[in-house]
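Each chain, written out:
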2 protein chains.
Amino acid sequence: MTRSQRTPHDGAGPAPGPGSPHPGARANGQASAAGSPLGLHRVLEPSGVLPQAAWRLDPRAAIWPDEVRIAVTRLNLDAASFRQLREAHDDKPDKIRAAVLEIVRTRGKMQNPVTGSGGMLTGTVEEAGPDSPLGLAAGDKIATLVSLSLTPLAITDGLARWDGRSEQVPCEGHAILFGRSIAAKLPDDLPAELALSVLDVCGAPALTHRVVASCGASQPVVAIIGAAGKSGSLAAAAAREAGAARIIGVVPHDAEAQLLREAGPQLVDEVVIADARNPVAVSRAIAAAGGPAHVTVVCVDVPGCEGGAILATAQGGTVIFFSMATSFTAAALGAEGVAADVTMLVGNGYVPGHAQLALDLIRARSAVRAIFQRRIDEHGSPNHGSPSQGE
Amino acid sequence: MTRSQRTPHDGAGPAPGPGSPHPGARANGQASAAGSPLGLHRVLEPSGVLPQAAWRLDPRAAIWPDEVRIAVTRLNLDAASFRQLREAHDDKPDKIRAAVLEIVRTRGKMQNPVTGSGGMLTGTVEEAGPDSPLGLAAGDKIATLVSLSLTPLAITDGLARWDGRSEQVPCEGHAILFGRSIAAKLPDDLPAELALSVLDVCGAPALTHRVVASCGASQPVVAIIGAAGKSGSLAAAAAREAGAARIIGVVPHDAEAQLLREAGPQLVDEVVIADARNPVAVSRAIAAAGGPAHVTVVCVDVPGCEGGAILATAQGGTVIFFSMATSFTAAALGAEGVAADVTMLVGNGYVPGHAQLALDLIRARSAVRAIFQRRIDEHGSPNHGSPSQGE
């Protein structure tokens, strides 16, 4: 989009209040000028950056032709963000509530200025622009799969129903999805909490499925490091569906091994216990269980797992890093240091069809569903930090 | 390798002095017990970690059957390491020299304990074990392509010929290559400085070649961010050889653009000037030059280039990150935030045949050679920090 394509108000002067249609809006509340599918037209300052990098977005309710407006029902704050808010405000609910309101009022989005992180939200589609490619219609119940840190948001109820004690924030207001935003319809047949938990990590099974399927008829051995977690168990199920010949699940201790063993061969063929941070231990354990792996998937959010994953992978194989604790340099130099000819993928949280694939897996695989249910029961509500990175 | 396969002295007690054969050594100076291709048998403390992570290695001169011993002629200290040494020792050559000697004496390798980094070395093969897979023979002049931070090293001349003022360290002593180490023969037909400069970044052209070639007959558009640098110009030449239909070179300012224009269409088809840290600017510039790219290669070592590379790449395309300033989370979340279905590769510095490919490119492409020569003349000796990551 060139500057001339923007509406007159873009990046010039203060944003109109939420709900006030901008001058270019049609009678039906849609903007007449072409918007950017990336939401660049919603960036108020600094100009020219992407919405995630922006200090302030324009959360006006009137939508551009390719946008969708959501009536928000709940925010799920990112764990790092909520922790920071609690610590900065002495665990006092009133202060925490005021802080969130102030962030959203001044920034036009819920992006914690200290942590930079956001979270996700659920709500109901109020209006979908005629050019929106998201396939949503008014009345659809959805969860956003892009971060709150780039989602225009206005809150209208003062967060009166939030106790300030949990990252689950009941909320009234509206949010905007761009042409290239990602949202998933919440299914009718699954409890909302379970569905959210699945959508939270749905990038991992989708990319795992793609990589394993691309091995074709070669019957790959797949190792999942952190196989008893949410992203790990879904990745294992996806690997099975994509044609893995043998799936090796790596877990840190016996309690997690027991979880996998109870799941049975529906999930993994071999369960091994090893410290993912110990390259020699991990690679030996995987080799003893039928490795080396042709595809290794890292789903544990602890630093230092790069070397083990690389060593456990056959020459010519692939490592997919879903852990947000992955160090780019440790991976690059680690592979070089052992002359490992492995393809190393940054776990992109977006693969087309990722939400549907993950929800279908949880429906079809009772073993995976049992693992999710157990984690939900143990930890209370799932946390929705990064929408599709592993836990 | 299991513990029982180690020689009696491994990990037990102080290492014998360099040159003293260990008890398992044969008459020809080779160890009789099987070694680990990763060099685990040379790790003295802590036990069980990889040589790079070890505090202390065993630099004994007697080699295991799959090892190679090098008579060292020169160390090239990593830039970060040398800077730290200079600052810590007030730029005093005697103190810096003493510090390097002390590190090598106590650690059995030249790994700066503060920066963790090493460098590379050049030398002549003294002895190659009968089981070494490296294809080296006594008398070969070589450069190591694995880091000094994992290479057993002993210094015998007190660094008497080093003035302590440059990261180029004339040196006598020996170093050990493992079965999975990487070394390149120094060619007779190229100046040593040029060859080292090329070997320093040879991972980038090799992986670029592989990815572009895998696009098959689809005539890919390739964008090289940082195309006038060493790794960038070699990557461009490799993309051309692999069948790129159009190569777009991105540079930060006019002086670099001029360099590329002088190189002519041998290197890139289009030269664009854009700030790699500005996603909108980079993606628009590449689109205007014939993009989006099917393959985007990031070769500039400044932080914040992830978003631009992702946005400049077509859906279904590939981004290769060679910059060591790449942030894993910025890449993962950045792609997700704009629903970019792009494959993101961690630029592995090792691809089989990488040294030969890069040296052949520099021989065949006078335009690339001119860029290297210019950079060598400008900056003096090239720095050899990470052997194959971009500058």
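Worth saying up front: this structure is predicted, and the values here are computed from it rather than measured. (Residues numbered from 1 in each chain as written. Chains lettered and ligands numbered in written order. Predicted model: local features only at pLDDT ≥ 70, side-chain atom pairs only at ≥ 80, totals over all residues. Heavy atoms only, no water.)

**Q** Which parts of the structure should I look at to understand the overall build of chain A?
**A** Within chain A one finds 11 helices and 14 strands. Of all 391 residues assigned to chain A, the portion counted as buried reaches 60%. For chain A, the proportion of contacts with a sequence separation of at least 24, taken over those separated by at least 6, is 73%. In the form shown here, chain A has an accessible surface area of approximately 13700 Å², with 52% of it arising from carbon and sulfur atoms. (Helix = DSSP H or I, 4+ residues; strand = E, 2+ residues; numbered from the N terminus. Buried < 20%, exposed > 50% of the residue type's maximum accessible area, 1.4 Å probe, protein only. Contact = heavy atoms within 4.5 Å. Areas by Shrake-Rupley, 256 points an atom, 1.4 Å probe, with all protein chains shown as cover.)

**Q** Help me understand the sheet that holds strand β5 (residues 141–144) of chain B in this model?
**A** Two pairing modes exist for strands in a sheet, parallel and antiparallel, and in both the strands are linked by backbone hydrogen bonds. All names here are of chain B. A sheet is described by the order of its strands in space; here 6 strands give the open sequence β6-β7-β3-β4-β5-β8, paired in antiparallel fashion. One side of each edge strand has no neighbouring strand; the edge strands of this open sheet are β6 (153–155) and β8 (183–185). Going from strand to strand, the sheet's axes swing by 35 degrees on average, the running direction of each strand aside. Pairing of β5 with β8 involves 3 bridges; the strand directions are antiparallel. Among the inter-strand pairings, A143 is bridged to a residue of β8, identified as A184. (Pairing = 2+ DSSP bridges. Axes fitted to C-alpha atoms, helices over the stretch in contact; angles between N-to-C directions.)

**Q** I would appreciate a short explanation of the packing of helix α1 (residues 79–88) of chain A against helix α2 (residues 93–107) of chain A in the present structure.
**A** When two helices pack together, their arrangement is given by the angle between the helix axes and the distance between those axes. Residue and element names in this part refer to chain A. Axis separation between α1 and α2 bottoms out at 9 Å; the angle between their running directions is 125 degrees. Comparing the axis directions of α1 and α2 gives the class oblique. The crossing of α1 and α2 is right-handed. Packed against α1, whose contacting residues are F82, L85 and R86, the element α2 presents I96, A99, V100 and I103 at the interface. Looking at the contact of α1 with α2, its residues break down into 6 nonpolar, no polar and 1 charged. (Parallel < 35°, antiparallel > 145°, perpendicular 65-115°, else oblique. Left-handed = near helix turned anticlockwise from the far one by under 90°. Nonpolar A, V, L, I, M, F, W, Y, C, P; charged D, E, K, R; others polar.)

**Q** Is there a simple way to explain the environment of G118 of chain A in this structure?
**A** All names here are of chain A. Turning to its location among the elements, G118 is positioned in the loop between α2 and β4 (119–128). Taking the C-alpha atoms as reference points, G118 and R74, separated by 44 residues in sequence, lie 13 Å from one another. Each residue touching G118, except ones within four places of it in the same chain, is listed here: N76, L77, D78, M110, S147, L148 and S149.

**Q** So what exactly am I meant to see when it comes to the pairing of strand β7 (residues 168–177) of chain B here?
**A** As a general feature of sheets, a regular strand has side chains that alternate between the two faces. All names here are of chain B. Judged by how many residues are buried, β7 sits mostly within the fold: 9 of 10 residues are covered. One ladder, built from 8 bridges, connects strand β3 (residues 68–77) with β7; its direction is antiparallel. By the bridge assignment for β7, V72 is matched with G173. As judged from the 3 bridges shared by β6 and β7, these two strands associate in the antiparallel manner. Within β7, the residue paired with A154 across the bridge is H174.

**Q** Which parts of the structure should I look at to understand the relation of the copies chain B and chain A?
**A** Both copies of the chain are placed relative to one another by a rotation about an axis and a shift along it. Relative to chain A, chain B is turned by 180 degrees and slid 0.0 Å along the rotation axis, the superposed coordinates differing by an RMSD of 0.1 Å. Taken together, the rotation and translation describe the operation of a two-fold axis. No C-alpha of chain B approaches the rotation axis more nearly than that of L345 of chain B, which lies at 2.4 Å. A symmetric contact is evident, with 100% of the interface residues of chain B recurring at the interface of chain A. (Least-squares fit on C-alpha atoms with pLDDT ≥ 70 in both.)

**Q** How do you make sense of the packing of aromatic side chains when you look at a structure like this?
**A** Centre-to-centre distance and the angle between the planes together describe a pair of aromatic rings. Residues and elements named next belong to chain A. As enumerated under the stated definition, the model contains 2 aromatic pairs over all chains in all. Aromatic pair F82 and W162: ring centres 6.3 Å apart, planes at 50 degrees, arrangement tilted. Of the two residues, F82 sits in helix α1 while W162 sits in the loop between β6 (153–155) and β7 (168–177), which places them 80 residues apart along the sequence. With respect to class, F82 is no different from W162; both count as buried. (Phe/Tyr/Trp six-rings, centres within 6.5 Å; stacked < 30°, edge-to-face > 60°.)

**Q** Where do I start with the interface of chain B and chain A in this structure?
**A** Many structure descriptions define interface size as the accessible area lost when the parts assemble. At the interface, 49 residues of chain B touch 49 residues of chain A. At the boundary of chain B with chain A, total buried surface from both sides reaches about 4200 Å², with 60% on carbon and sulfur atoms. If you sort the residues of chain B by the area they bury against chain A, F328, E336 and V346 of chain B come out on top, with a joint share of 19%. Here chain B is connected to chain A by 2 salt bridges. A salt bridge links D341 of chain A to R210 of chain B; its shortest N-O distance comes to 3.0 Å. Summed over the shared surface of chain B and chain A, the number is 10 residue pairs in polar contact (both at pLDDT 80 or more). Listing elements by their share of the side of chain B that touches chain A, those giving two or more residues are α7 (279–288), β13 (313–321), α9 (328–337) and β14 (343–346) of chain B. (Buried area = accessible area lost by both parts, 1.4 Å probe. Salt bridge = Lys/Arg side-chain N within 4 Å of Asp/Glu carboxyl O. Polar contact = N/O pair within 3.5 Å; in protein donor to acceptor, adjacent residues only side chain to side chain.)

**Q** Help me out: how do you make sense of the nonpolar core in this one?
**A** Soluble globular proteins tend to bury their nonpolar side chains together. If you look at the biggest cluster of nonpolar residues, it comprises 122 residues, and the most contacted ones within it are L267 and V297 of chain A together with L267 and V297 of chain B. Residues in contact with L267 of chain B, not counting those within four places in the same chain, are S233, A236, A237, R240, I247, L260, V368 and I371 of chain B. Grouped together as the second largest cluster of nonpolar side chains are 72 residues, V300 and A309 of chain A together with L38 and A340 of chain B included. (Core = buried A, V, L, I, M, F, W, Y, C linked by side-chain atoms within 4.5 Å.)

**Q** Just checking my understanding: could you explain the sheet that holds β7 of chain A for this structure?
**A** Residues and elements named next belong to chain A. Ordered in space as β6-β7-β3-β4-β5-β8, the 6 strands form an open sheet in which the pairing is antiparallel. With one partner strand each, in any of the chains shown, β6 and β8 (183–185) form the two edges of the open sheet. Averaged over neighbouring strand pairs, the angle between their axes works out to 35 degrees when direction is ignored.

**Q** How should I be thinking about the environment of Y350 of chain A in this particular structure?
**A** The residue Y350 of chain A is located in the loop between β14 (343–346) and α10 (354–364) in this model. You can call Y350 of chain A buried: its relative accessible area is 14%. Ignoring anything within four residues of it in the chain, the contact list for Y350 of chain A reads I182 of chain A together with Q315, E336, A339, A340 and D341 of chain B.

**Q** What am I meant to see in unusual backbone geometry here?
**A** Glycine aside, residues mostly have negative phi, and peptide bonds are mostly found in the trans state. Following G291 of chain A, the chain continues into P292 of chain A via a peptide bond in cis, with omega recorded as 5 degrees. Of note, P292 of chain A is situated in the loop between α7 (279–288) and β12 (293–298). If you check the backbone angles, L159 of chain B has positive phi at about 55 degrees while not being a glycine. Overall, the relative accessible area of 0% leaves L159 of chain B in the buried class. A positive phi angle is found at Q219 of chain B, which is not glycine, with a value near 55 degrees. Here Q219 of chain B shows up in the loop between α4 (203–213) and β9 (221–225). Here Q219 of chain B falls in the exposed class, since its relative accessible area comes to 54%.

**Q** Help me understand α7 of chain B in this model?
**A** Each turn of an α-helix holds 3.6 residues, which means side chains three or four residues apart point in the same direction. All names here are of chain B. Every buried residue of α7 is accounted for by P279, V280, V282, S283, A285 and I286. Where α7 begins, the capping side chain belongs to N278, and its oxygen is found 3.1 Å from the backbone nitrogen of V280. Backbone geometry just downstream of α7 places G290 in the positive-phi region, at approximately 115 degrees.

**Q** Help me understand the state of the cysteines, please; the structure alone is not making it clear to me.
**A** Tallied over the full model, the rule gives 0 disulfides over all chains. With no disulfide of its own, C305 of chain B has C299 of chain B as its nearest cysteine by sulfur position, at a separation of 10 Å. (Disulfide = S-S within 2.5 Å.)

**Q** I'm lost on the environment of F178 of chain A in this one. Help?
**A** As for its placement among the helices and strands, F178 of chain A is situated in the loop between β7 and β8. Filtering out sequence-adjacent residues up to four positions away, F178 of chain A remains in contact with P37, L38, G39, R42, P51, D66, E67, L134, L150 and P152 of chain A.

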